[in-house]
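These are the residues of each chain, in order.
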Amino acid sequence: MRGGERTAMRKANREITEFSELLALMEKCDTIRLGMVDGGEAYIVPVSFGCEALGGKIAVYFHGAVAGRKSELLKKHPRVCVEADVCNGFVENGSGGVTCDFESLIGWGNAELLSGAEAEKGLRLLLEHCGLGGYVCGADAMPITAVHRVVLDTLTGKRRFPHPTV
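Report on the accompanying structure. For every chain, the first residue of the written sequence is number 1, and numbering continues from 1 along that sequence. Reporting of local features is limited, given that this is a predicted model, to residues whose pLDDT is at least 70; pairs of side-chain atoms are given and counted only at 80 or more, and all residues count toward the totals for whole chains, interfaces and linings. With hydrogens and water set aside, each side-chain value is computed from the structure's full complement of heavy atoms.

1. Some thoughts on the packing of aromatic side chains
We count it as follows: Only Phe, Tyr and Trp rings are paired, with Trp represented by its six-membered ring, and only when their centres lie within 6.5 Å; those with planes under 30 degrees apart are stacked, over 60 edge-to-face, the remainder tilted. Charge over a ring is defined by NZ of Lys or CZ of Arg lying within 6 Å of the ring centre and within 35 degrees of the ring normal.
Counted by the stated rule, this structure contains zero aromatic pairs. Geometry around Y43 places R69 over its ring, the cationic atom sitting 3.8 Å from the centre.

2. Remarks on the nonpolar core
Nonpolar side chains tend to gather and get buried jointly when the protein is soluble and globular. Rules: By convention a nonpolar core is built from buried Ala, Val, Leu, Ile, Met, Phe, Trp, Tyr and Cys residues, the set being connected through side-chain atoms within 4.5 Å. Classification of residues uses two cut-offs on accessible area relative to the type maximum, computed with a 1.4 Å probe and protein chains only: under 20% is buried, over 50% is exposed, and between them is partly exposed. In this description a helix means any DSSP run of H or I spanning at least four residues, a strand means any run of E spanning at least two, and both kinds are numbered starting from the N terminus. By definition in these notes, contact holds between two residues if any of their heavy atoms fall within 4.5 Å.
Within the largest apolar cluster, 28 residues are counted, with the highest numbers of intra-cluster contacts made by M26, I32, M36, I58, V60 and V80. Only helix 1 (19-28), strand 2 (32-38), strand 3 (41-47), strand 5 (57-65), helix 2 (69-76), strand 6 (79-92) and strand 7 (98-114) provide two or more residues apiece to this core. Those residues in contact with I32 that sit more than four places away from it in its chain are M26, V45, P46, V47, F49, V60, V82, E83 and A84. By size, the runner-up hydrophobic cluster in this structure holds seven residues, among which are A59, Y61, A119 and L123.

3. Looking at the pairing of strand 9 (residues 154-159)
Where a strand is regular, its side chains alternate between the two sheet faces. Basically, it comes down to this: Here the rule is simple: two strands pair whenever DSSP picks up at least two bridges between them.
For strand 9, a buried count of five out of six residues is recorded, marking the element as mostly surrounded by other parts of the structure. Summarising the sheet, strand 7 and strand 9 pair through six bridges and their orientation is antiparallel. What sits directly across from G107, in strand 9, is L155.

4. Here's the deal with helix 2
Test applied: Directions pointing from the helix axis toward each C-beta atom define the arc.
Of the residues making up helix 2, those classed as buried are K70, S71, L73 and L74. Angularly, the buried residues of helix 2 cover 165° about the axis, an arc narrow enough to put them on a single face. For helix 2, the exposed residues lying more than 90 degrees away from the buried face are K75 and K76.

5. Some words on the pattern of salt bridges
Inclusion rule: One speaks of a salt bridge when a side-chain nitrogen belonging to Lys or Arg is within 4 Å of a carboxyl oxygen belonging to Asp or Glu.
The tally for this structure, following the rule as stated, stands at eleven salt bridges. Among the salt bridges present, the one from K75 reaches E72, with a minimum N-O distance of 3.3 Å. In this pair, K75 and E72 both sit in helix 2, three residues apart, roughly one turn of the helix. Exposure remark for K75: the relative accessible area of 54% places this residue in the exposed category. In this structure E72 comes out as partly exposed when scored by relative accessible area, which is 37%.

6. Re the pairing of strand 8 (residues 145-151)
For strand 8, the tally of buried residues reaches six of seven residues, placing the bulk of the element in the interior. As judged from the seven bridges shared by strand 5 and strand 8, these two strands associate in the antiparallel manner. Directly across from G64, in strand 8, lies its bridge partner A146. Across four bridges, strand 7 lies against strand 8 in antiparallel orientation. Note that in strand 8 the partner of E112 across the bridge is R149.

7. Comments concerning the environment of V80
With respect to the helices and strands, V80 occurs in strand 6. Judged by its relative accessible area of 2%, V80 is buried. Along the backbone, V80 and G35 are 45 residues apart, and their C-alpha atoms lie at a distance of 5.6 Å.

The values are spatial; any link to function lies outside them.
Below, the structure written as structure tokens:
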């Protein structure tokens, strides 16, 4: 499946379709994996993030250096894939094996470099999500920090067992 297109999930009974459950799952995750294009290859990097509901979609905010591989790739190809997951443990599968009790989501969107108040909001959401809600970044940090937002225009969620994510 490519971003923007959607095919039926093979095990539809595992699909998470409710927006509130997808948002709750995203909030439960501590790291997202950001997939980018580097020439003809995929480049994936784990990032800390913040998120919010924005216009009926999930927006994720992440930061990094203003220079470097991630920054350059996002300038060239802003279309990205975001993956997040939670492992709730391992259980016997009833067939003599073991399986993971997981919840995951994958989404696609365009990374947008933010500035000013929007960048500050993105960092605030990131810090809150990371448990540092009262932390204030020093003035010297902003000029060397790139803050991006990705509004996930396509999003799929899946869980191994049908228990709620909240």
